[in-house]
Amino acid sequence: MAIKFDYDLALNLKARDIINKLEMKHVKTDRLVCMRSRGSDARRTIARCYGLGKMWQKALGTKAWYIIEVISEHFDRLSEEDQDKTIIHELLHIPNSFGGGFRHHSNWVTELRVNELYKKYIIEKTKEDL
């Protein structure tokens, strides 16, 4: 079966909410798209982040774009908390330059950082509800 990709409005809105509440001002939400895939053979992957590299930007005459893909078969099984943490994790891969590159796991995208940001997100979300 071929992989099917669909734009996911709810996921895009969730990512924008996280970006706003965590003040990730470097993420240009007008050039970030969240997609849902079905039919992937990926076994241990829940989500991926893609950047439009410099060569593609030059060839297409555009600025950097980022795509967050969630693999529906894995992502949908997660609790809401783990889904939020997964989105935070993928957003952490986007560097401050928003130039098409990536931040790597070793020194930036860590479980500790994801958990700290998730706690901050919940606090900000709770403030909004008051």
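Everything below is about the structure printed above this text.
About the cut-offs
- Residues numbered from 1 in each chain as written.
- Predicted model: local features only at pLDDT ≥ 70, side-chain atom pairs only at ≥ 80, totals over all residues.
- Heavy atoms only, no water.
- Helix = DSSP H or I, 4+ residues; strand = E, 2+ residues; numbered from the N terminus.
- Buried < 20%, exposed > 50% of the residue type's maximum accessible area, 1.4 Å probe, protein only.
- Contact = heavy atoms within 4.5 Å.
- Salt bridge = Lys/Arg side-chain N within 4 Å of Asp/Glu carboxyl O.
- Phe/Tyr/Trp six-rings, centres within 6.5 Å; stacked < 30°, edge-to-face > 60°.
- Lys NZ or Arg CZ within 6 Å of the ring centre and 35° of its normal.
- Pairing = 2+ DSSP bridges.
- Axes fitted to C-alpha atoms, helices over the stretch in contact; angles between N-to-C directions.
- Core = buried A, V, L, I, M, F, W, Y, C linked by side-chain atoms within 4.5 Å.

*Asks:* Give a detailed account of the overall build of the chain, specifying residues and quantitative values.
*Replies:* From N to C terminus, the chain includes five helices and four strands. In sequence order, the secondary structure elements of the chain are arranged as β-α-β-β-α-β-α-α-α. Principal-axis analysis of the C-alpha atoms gives the chain an extent of 45 × 35 × 30 Å. Within the chain, the fraction of its 130 residues that count as buried is 42%.

*Asks:* Explain the environment of leucine 52 to me, and be specific about the residues and the numbers.
*Replies:* As for its position among the elements, leucine 52 is in the loop between strand 3 (47-51) and helix 2 (54-60). Spatially, the C-alpha atoms of leucine 52 and threonine 62 are 9.3 Å apart, while their sequence positions differ by 10 residues. Beyond its immediate stretch of four places on either side in the chain, leucine 52 contacts Gln57, Thr62, Lys63, Ala64, Trp65, Gly99 and Gly100.

*Asks:* Give a detailed account of the pattern of salt bridges, specifying residues and quantitative values.
*Replies:* This model, assessed by the stated rule, comprises 10 salt bridges. In this structure, the salt-bridge partner of aspartate 84 is lysine 14, at a minimum N-O distance of 3.3 Å. With a gap of 70 residues between them, aspartate 84 in helix 4 (residues 80-92) and lysine 14 in helix 1 (residues 9-21) connect regions that are remote in the sequence. When sorted by exposure, aspartate 84 lands in the same class as lysine 14, which is buried. Residue lysine 21 pairs with aspartate 17 through a salt bridge whose shortest N-O separation is 2.4 Å. On the criterion of helical spacing, the pair formed by lysine 21 and aspartate 17 is a turn pair, its members being four residues apart in helix 1. Owing to a relative accessible area of 24%, aspartate 17 belongs among the partly exposed residues under this scheme. Members of the salt-bridge network, linked through shared partners, are Lys14, Glu80, Asp84 and Lys125.

*Asks:* Requested: an account of the packing of aromatic side chains, with residues and values cited.
*Replies:* Scanning the entire structure with this criterion turns up two aromatic pairs. Each ring, one from tyrosine 66 and one from phenylalanine 102, has its centre 6.1 Å from the other, and the planes form 90 degrees; the classification is edge-to-face. Pair noted here: tyrosine 66 is in strand 4 (residues 66-71) and phenylalanine 102 is in the loop between helix 4 and helix 5 (111-129), with a separation of 36 residues, a long-range link. Taking relative accessible area as the criterion, phenylalanine 102 reaches 35% and is therefore assigned partly exposed. Among the aromatic residues, those joined into a cluster by ring pairs are Tyr66, Phe98 and Phe102. Across the ring face of tryptophan 108, the terminal group of arginine 103 is positioned such that the distance to the ring centre comes to 3.9 Å.

*Asks:* Residues and numbers for the sheet that holds strand 4, please.
*Replies:* Taken in spatial order, the four strands make up an open sheet running 1-2-4-3, and their pairing is mixed. The open sheet terminates on both sides in strands that have one partner only, identified here as strand 1 (4-7) and strand 3. On average, each strand axis in the sheet is inclined to that of its neighbour by 30 degrees, with strand direction left out of account.

*Asks:* Residues and numbers for unusual backbone geometry, please.
*Replies:* In this structure, glutamate 23 takes a positive phi of about 55 degrees despite not being glycine. Following the sequence through the fold, glutamate 23 ends up in the loop between helix 1 and strand 2 (32-38). A positive phi is found at phenylalanine 98, a non-glycine position, where the angle reads about 45 degrees. Inspection of the secondary structure puts phenylalanine 98 in the loop between helix 4 and helix 5.

*Asks:* Describe the nonpolar core, and please don't skip the residues or the numbers.
*Replies:* In terms of nonpolar packing, the biggest core is built from 27 residues, with Met24, Leu32, Ile88, Leu91 and Ile94 touching the most fellow members. When contributions to this core are tallied by element, the ones reaching two or more residues are helix 1, strand 2, strand 3, strand 4, helix 4 and helix 5.

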